[in-house]
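Letter by letter, the chains look like this.
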Amino acid sequence: MTDVTSGASTVPGAKIEPSLHRVMGPWLLLLFIVGDILGTGIYALTGQVAKQVGGVVWLPFLIAFVVAVVTAFSYLELVTKYPRAAGAALYTHKAFGIHFVTFLVAFTVMCSGITSASTASRAFAANLSGAFQLNLESGIGISLVGLGFMALVAIVNFRGVGESVKANVVLTIVELTGLLIIIFIGLWAISAGQGDVSRITQFASTPDSSIFWSVMAATTLAFFAMVGFEDSVNMAEECKNPSGIFPKVLLTGLFITGAIYVLVSISAITLVSPADLGEGETPLLKVVQAGAPNFPLWIFGFITMFAVANSALINMLMASRLVYGMSREHVLPPIFGKVHPTRRTPYLAIGFTTLLAFGLILFVGEVPALGGTTALLLLFVFTIVNIAVLILRREKVEHEHFRTPTFLPVIGAISCAFFAGPWTGRDPVQYKIAGVLIAIGVVLWIVTVLVNRATGVTEKSDLSALGGDGPVN
């Protein structure tokens, strides 16, 4: 991985000093994990999940939570075995040793960050319109605001942003506050006899799809809400005794967010019918309007915008940094490795990732397609990570580390591969989006190979340095 703020490239064997080296205790780590998972998914996709399954909107979130927990066990074994600020690319490289496969995993992680940020930009625009009653047209108006927001994110990214775990605490509290407002409004309304609690057991299905497949299709969307737990492995170098505290803290964070998502879903469906909740891109604003009509809507809209804006910024930072790192390792064209002389940021990598985000906002636009593509890309990555755990069992390390029961990675690989498949009823457009993004990566890889040959670059890249952050929800 590369330090984009200094412009220095990681050299194999060189020591990287994280800003909070060995100072993170369990509470800061817990807030970091919860903050990474909370965000755009639950704020933007609750309505779309309800649209597919009806009142049991909580069930797909619960299933997605279970799949995430199973995969988290694989990450726990790997991060305690290799406690480095790395990720899926490192584990893939160690397990398979095929440079092209490692590149594809790293590029897929980068793409998932861009699709996640594009989802957040769309959600930002929709909530801005709803909270402040701007009455933007659902198509052109929202897209234009989303483009403007993404351009602002690019400017901030170009100027350089210092990441801080303490700042993450503040952002987590803001995101958590918004969801707790929904939960309390729901509980208050239920205790006052408002809403319809019976909806939480009502399934919806279509003549072309059974209840089972409707739930499976909805789960492919709900999984986007669990994105972020895999990003926490990058904090391993900054934790006190990572092998000791990481397993308990990560699982605790997942259970906290899972419980919050289920309670938010129950509150939402109790106060707003599935049909109404599924219309538009601001489902939780509708819950506030229905359950607490006197509550200042702009306050909740501001909280939502703040939560998704933070997600977009962090994801675009991650994406541009990964492109820069891949360029420095000679697996993407060298032009993306250029650093601005005064800002010391990878301005061409930022421009490239921003253009991809612009294309997604303009030509894809809608939140379900973008969020679903993010989940699709990560499910492929998670499948590989679960397999990598089993392969890397042959490699021994000197220190003690967490070891997950063997059956869990097997279940994780099968379940992630299952939910990535078209048989779940996943929208075909998500495969098209993912295919175009990966095809761009493959073309750039080929171009880079040709450039390397023409310029006499024969040094093999250390692709294990491409671990990088995963997308943040």
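Since we're looking at a predicted model, the values are computed, not measured. (Residues numbered from 1 in each chain as written. Predicted model: local features only at pLDDT ≥ 70, side-chain atom pairs only at ≥ 80, totals over all residues. Heavy atoms only, no water.)

Peer 1: Teacher, can you tell me more about the overall build of the chain here?
Peer 2: Across its full length, the chain holds 16 helices and 0 strands. Burial statistics for the chain: of 473 residues in total, 59% are counted as buried. Of the contacts formed within the chain by residues at least 6 apart in sequence, a portion of 83% connects residues at least 24 apart. Of the roughly 18500 Å² that the chain leaves accessible, carbon and sulfur atoms contribute 67%. (Helix = DSSP H or I, 4+ residues; strand = E, 2+ residues; numbered from the N terminus. Buried < 20%, exposed > 50% of the residue type's maximum accessible area, 1.4 Å probe, protein only. Contact = heavy atoms within 4.5 Å. Areas by Shrake-Rupley, 256 points an atom, 1.4 Å probe, with all protein chains shown as cover.)

Peer 1: Is there a simple way to think about the packing of helix 13 (residues 347-363) against helix 16 (residues 428-455) in this case?
Peer 2: Describing two packed helices takes the angle between their axes plus the distance from one axis to the other. It is the contact of helix 13 with helix 16, at a shortest axis distance of 12 Å, that shows an interaxial angle of 155°. In this view, helix 13 runs roughly antiparallel relative to helix 16, as classed from their interaxial angle. Between helix 13 and helix 16 the crossing geometry is right-handed. Where helix 13 abuts helix 16, its residues Phe-352, Leu-356 and Leu-360 lie against Ile-433, Leu-437, Ile-440 and Leu-444. (Axes fitted to C-alpha atoms, helices over the stretch in contact; angles between N-to-C directions. Parallel < 35°, antiparallel > 145°, perpendicular 65-115°, else oblique. Left-handed = near helix turned anticlockwise from the far one by under 90°.)

Peer 1: Explanation requested: the nonpolar core in the structure shown.
Peer 2: Looking at soluble globular proteins, one finds that nonpolar side chains tend to be buried together. Grouped together as the largest cluster of nonpolar side chains are 137 residues, with contacts concentrated most on Met-110, Leu-179, Phe-229, Leu-254, Tyr-261 and Met-326. For this core, the leading source of residues is helix 12 (residues 297-328), giving 17 residues. (Core = buried A, V, L, I, M, F, W, Y, C linked by side-chain atoms within 4.5 Å.)

Peer 1: Please clarify how the environment of Val-227 should be interpreted in this entry.
Peer 2: Residue position: Val-227 is located in the loop between helix 8 (211-222) and helix 9 (242-271). Spatially, the C-alpha atom of Val-227 lies 8.2 Å from that of Leu-378, the residues being 151 residues apart in sequence. Ignoring sequence-local partners within four residues, the contact set of Val-227 consists of Asp-36, Ile-37, Thr-374, Leu-378, Pro-471, Val-472 and Asn-473.

Peer 1: How should I be thinking about the packing of aromatic side chains in this particular structure?
Peer 2: Note on aromatic pairs: each is described by the distance of the centres and the angle between the planes. This model, assessed by the stated rule, comprises 19 aromatic pairs. Judged by centre distance (4.3 Å) and plane angle (15°), the ring pair of Phe-124 and Phe-149 falls under stacked. Of this pair, Phe-124 sits in helix 5 (residues 99-131) while Phe-149 sits in helix 6 (residues 140-159), and the two are 25 residues apart along the sequence. The residues Phe-124 and Phe-149 share a single accessibility class, namely buried. Through a chain of ring-to-ring contacts, the aromatic side chains of Tyr-75, Tyr-91, Phe-223, Phe-229 and Phe-382 assemble into a single cluster. (Phe/Tyr/Trp six-rings, centres within 6.5 Å; stacked < 30°, edge-to-face > 60°.)

Peer 1: Can you help me understand helix 3 (residues 58-81) in this one?
Peer 2: Under the 1.5 Å per step criterion, the end-to-end length of helix 3 is 35 Å for 24 residues, consistent within 8% with the ideal 34 Å. Of all 24 residues in helix 3, 20 are buried, a share of seventy percent or more. (Expected span 1.5 Å × (residues − 1).)

Peer 1: Teacher, can you tell me more about the pattern of salt bridges here?
Peer 2: Pairs can form between side chains of opposite charge whenever their charged atoms are close. Across all of its chains, the model carries 2 salt bridges by this definition. The salt bridge involving Glu-77 is made with Arg-393; its shortest N-O contact spans 2.8 Å. Remark: Arg-393 occurs in the loop between helix 14 (367-391) and helix 15 (407-420) and Glu-77 occurs in helix 3; sequence separation between them is 316 residues. Residue Glu-77 is classed as buried on the basis of its relative accessible area of 1%. With a shortest N-O distance of 4.0 Å, Lys-94 and Glu-395 are connected by a salt bridge. (Salt bridge = Lys/Arg side-chain N within 4 Å of Asp/Glu carboxyl O.)

Peer 1: Help me understand the environment of Val-249, please; the structure alone is not making it clear to me.
Peer 2: With respect to the helices and strands, Val-249 occurs in helix 9. The class for Val-249 is buried, based on a relative accessible area of 8%. In this structure, the C-alpha to C-alpha distance between Val-249 and Leu-28, residues 221 residues apart in sequence, is 9.8 Å. Not counting the four nearest positions on each side in its chain, Val-249 is found in contact with Pro-26, Leu-29, Leu-30 and Ile-33.

Peer 1: Can you help me understand the side chain of Ser-118 in this one?
Peer 2: Along the chain, the position of Ser-118 falls in helix 5. In contact with Ser-118, other than residues within four places in its own chain, are Met-150, Ala-357, Leu-360, Ile-361 and Leu-370.

Peer 1: Can you help me understand helix 4 (residues 88-96) in this one?
Peer 2: Think of an α-helix as 3.6 residues a turn; residues three or four steps apart then line up on the same face. Among the 9 residues of helix 4, 7 are classified as buried, and the element is accordingly described as predominantly covered. Among the residues making up helix 4, those that are buried are Ala-88, Ala-89, Leu-90, Tyr-91, Thr-92, His-93 and Ala-95. Phi turns positive, to about 65°, at Gly-97, one or two residues after helix 4.

Peer 1: Explain the packing of helix 5 against helix 12 here, please?
Peer 2: Packing of helix 5 against helix 12 brings their axes to within 8 Å, and their N-to-C directions diverge by 155°. By the angle between their axes, helix 5 is roughly antiparallel relative to helix 12. Handedness of the crossing formed by helix 5 with helix 12: left-handed. Within the contact of helix 5 with helix 12, the residues separate by chemical class into 24 nonpolar, 7 polar and no charged. (Nonpolar A, V, L, I, M, F, W, Y, C, P; charged D, E, K, R; others polar.)

Peer 1: Sorry if this is basic, but what is going on with the environment of Leu-136 here?
Peer 2: Inspection of the secondary structure puts Leu-136 in the loop between helix 5 and helix 6. With 11 residues separating them in the primary sequence, Leu-136 and Ala-125 have C-alpha atoms 8.9 Å apart. If we ignore the near neighbours within four places in the chain, the residues touching Leu-136 are Ala-125, Ser-129, Gly-141, Ile-142 and Val-145.

Peer 1: Hey, could you run me through the side chain of Thr-383 in this one?
Peer 2: Within the secondary structure layout, Thr-383 lies in helix 14. Since its relative accessible area comes to 13%, Thr-383 is described here as buried. A polar contact of 3.3 Å, which involves the side chain of Thr-383, links it to the backbone nitrogen of Ala-417. Leaving out residues up to four positions away in the same chain, Thr-383 has contacts with Ala-413, Cys-416 and Ala-417. (Polar contact = N/O pair within 3.5 Å; in protein donor to acceptor, adjacent residues only side chain to side chain.)

Peer 1: Honestly, the confidence of the model for the chain in this entry has me stumped. Any pointers?
Peer 2: One rule of thumb: low pLDDT means the predicted coordinates there are not for detailed reading. Summarising the model, the chain shows a mean pLDDT of 83, and 85% of its residues fall at 70 or more. When mean pLDDT is compared element by element in the chain, helix 15 scores highest at 96, while helix 1 (residues 26-37) scores lowest at 80. (pLDDT = per-residue confidence, 0-100.)

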